[in-house]
Amino acid sequence: MRLNRTGELIDAHEFPATTEELIEAYGDQTIELPNGSARLGDVLARAGSETYTDADDARSALHCGLGHEAIGRRYYSDRDAYAMGEDGPQQVSF
């Protein structure tokens, strides 16, 4: 995901800061996602009214507030069992 300078803006912001302050300052910033885009204000609003002690806290809230558009293939796991008819790796005995 590309934060489009959003991370830099958050790092440069003076902390502690509230959700409302961050939304007022950077709410119109667009975050480009693999499957669309999101406004920073909308993403942070999902966290509710919080006070962030530092940029890492705000960045964590930003990452947690992103929807499924921020991930690649949904429901994909390389740890799923092989489907019927597929051959998996051969077992090795040690």
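Our subject is the structure that appears above.
What comes next is a walk through the structure. Worth saying up front: this structure is predicted, and the values here are computed from it rather than measured.

Section: the pattern of salt bridges
Here's step 1: The final tally for this structure, using the stated rule, is three salt bridges.
Here's step 2: Residue Arg-39 is joined to Asp-28 by a salt bridge in which the shortest nitrogen-to-oxygen separation is 2.7 Å. Remark: Asp-28 occurs in the loop between helix H2 (19-26) and strand S2 (30-33) and Arg-39 occurs in strand S3 (residues 36-39); sequence separation between them is 11 residues.
Here's step 3: Residues Arg-39 and Asp-42 are paired through a salt bridge, measuring 3.3 Å at the closest nitrogen-oxygen approach.
Here's step 4: Overall, Arg-39 belongs to the partly exposed group, its relative accessible area being 35%.
Here's step 5: Given a relative accessible area of 40%, Asp-42 falls into the partly exposed group.
Here's step 6: Three or more residues are tied together by salt bridges with common partners; here these are Asp-28, Arg-39 and Asp-42.

As for the pairing of S3
Here's step 1: Relative to S3, S2 is paired through four bridges, and the arrangement is antiparallel. Counted as the bridge partner of Ile-31 is Ala-38 from S3.
Here's step 2: The turn joining S2 and S3, which pair antiparallel and follow one another in sequence, is formed by two residues.

Some words on the nonpolar core
Here's step 1: Counting residues in each nonpolar core, the largest one holds 20 residues, and the members touching the most others are Phe-15, Leu-22, Leu-44, Tyr-52 and Leu-62.
Here's step 2: At the level of secondary structure, the elements contributing two or more residues to this core comprise helix H1 (6-12), H2, S2, helix H3 (40-45) and helix H4 (55-65).
Here's step 3: Every residue in contact with Leu-44, bar those within four places of it in the chain, is listed here: Thr-19, Leu-22, Ile-23, Tyr-52, Ala-58, Ala-61 and Leu-62.

Some points on the side chain of His-13
Here's step 1: Its place among the elements puts His-13 in the loop between H1 and strand S1 (17-18).
Here's step 2: Contacts of His-13, omitting those with residues within four sequence positions, involve Leu-22, Ala-25 and Tyr-26.

About the cut-offs
- Residues numbered from 1 in each chain as written.
- Predicted model: local features only at pLDDT ≥ 70, side-chain atom pairs only at ≥ 80, totals over all residues.
- Heavy atoms only, no water.
- Salt bridge = Lys/Arg side-chain N within 4 Å of Asp/Glu carboxyl O.
- Helix = DSSP H or I, 4+ residues; strand = E, 2+ residues; numbered from the N terminus.
- Buried < 20%, exposed > 50% of the residue type's maximum accessible area, 1.4 Å probe, protein only.
- Pairing = 2+ DSSP bridges.
- Core = buried A, V, L, I, M, F, W, Y, C linked by side-chain atoms within 4.5 Å.
- Contact = heavy atoms within 4.5 Å.

No statement about biological role is implied by the geometric values presented.
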